[in-house]
Amino acid sequence: SAMTAPVKVIVMPDEIKPVVTGIGPVEKKVLGINPAIEFLAYDNKAIVRYRVEYRKKDESAWTQICTQEIEEKDEYNGKITWNTEGLEDGAIYEIRVMVSDKAGNESDPVIAEYSLDLTPPKAPVLTAKPGSFCIVLNGKTEDPDDVSAQKGYELWRRAYGSSEYEFVKGLVQPEYQDESV
């Protein structure tokens, strides 16, 4: 067949910055120890890297939580764990997320503000009463407003003399009747 006429193509450089559309959890929320931070970002071509940083409110220096190279995607839903070890309990912190695309364009930072509650919950007082071929367990917290008590309990047990624990059940209520003993 005959050759076709030449075709001219002009490739324009990618000058459009990617965009971070949001950070979760909801801003101004109180976060516990090592919370999960999520974000959503998109680009017209391909996101290849993200960076997450934090700082104490009203301080100037940012501290890196992580920088990660990712497989090229035009939309990216990221999730990281923020290591809060050594941070101040009750303090307000800002987290910012930036993403970069394949052309080297970096998004504007998106910043969210959180306060930290790093105080571990008090252990519940557990009582056990023998029943007819069962044990009735009841766990009460000293503080009725304790948020951890509202989230639930995990019940584990081990045989006398054993060092291995086995998971029995996750509980929402602090009372449980164990009939498998």
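For clarity, every value in this text was computed on a predicted model and none was experimentally measured.

How each quantity is defined
- In this numbering scheme, every chain counts its residues from 1 along its sequence in written order.
- Selection of residues for local features in this predicted model requires a pLDDT of at least 70, selection of side-chain atom pairs for listing and counting requires 80 or more, and totals for whole chains, interfaces and linings are taken over all residues.
- The basis for the side-chain values is all heavy atoms of the structure; hydrogens and waters are excluded.
- For helices the rule is a DSSP run of H or I covering at least 4 residues; for strands it is a run of E covering at least 2, with both sets numbered from the N terminus onward.
- The criterion used for residue contact is that any of the two residues' heavy atoms lie within 4.5 Å.
- Nonpolar core, defined: a set of buried Ala, Val, Leu, Ile, Met, Phe, Trp, Tyr and Cys residues in which side-chain atoms within 4.5 Å join the residues together.
- Each residue gets one of three labels from its accessible area relative to the maximum for its type: buried under 20%, exposed over 50%, partly exposed in between, using a 1.4 Å probe on protein chains only.
- Basic side-chain nitrogens of Lys or Arg form a salt bridge, by our definition, when they fall within 4 Å of a carboxyl oxygen of Asp or Glu.

Participant: Help me out: how do you make sense of the side chain of S100 in this one?
Facilitator: On the secondary structure map, S100 appears in strand β5 (residues 92-101). Discounting residues that sit within four places of it in the chain, S100 has contacts with P18, A46, I47, V48, R49, N105 and E106.

Participant: Which parts of the structure should I look at to understand the nonpolar core?
Facilitator: Taken as a class, soluble globular proteins show a tendency for nonpolar side chains to be buried jointly. Ranked by size, the top nonpolar core spans 26 residues in total, and within it Y50, V52, W82 and I95 carry the most contacts. Elements represented by at least two residues in this core include exactly β1 (19-24), β3 (36-56), β4 (63-81), β5 and β6 (110-116). Ranked by residues supplied to this core, first place goes to β3 with seven residues. If we skip the residues at most four places from it in the chain, Y50 touches F39, C66, T67, Q68, I70, Y76, I80, M98 and V99. Residues L137, Y153, L155 and L171 belong to the second largest nonpolar core, which totals five residues.

Participant: Help me understand the pattern of salt bridges, please; the structure alone is not making it clear to me.
Facilitator: Between side chains of opposite charge, pairing is possible as soon as their charged atoms come close. Considering all chains together, one arrives at 11 salt bridges under this definition. The partner of K17 in a salt bridge is D108, with the nearest N and O atoms 2.7 Å apart. With K17 in the segment before β1 and D108 in the loop between β5 and β6, this pair connects stretches of sequence that are 91 residues apart. Judged by relative accessible area, which is 49%, D108 ranks as partly exposed. A salt bridge links R157 to E166; its shortest N-O distance comes to 3.9 Å. Overall, R157 belongs to the partly exposed group, its relative accessible area being 24%. Note on E166: relative accessible area 44%, which makes it partly exposed. Several salt bridges converge on common partners, so that one network encompasses R51, E53, R96 and E106.

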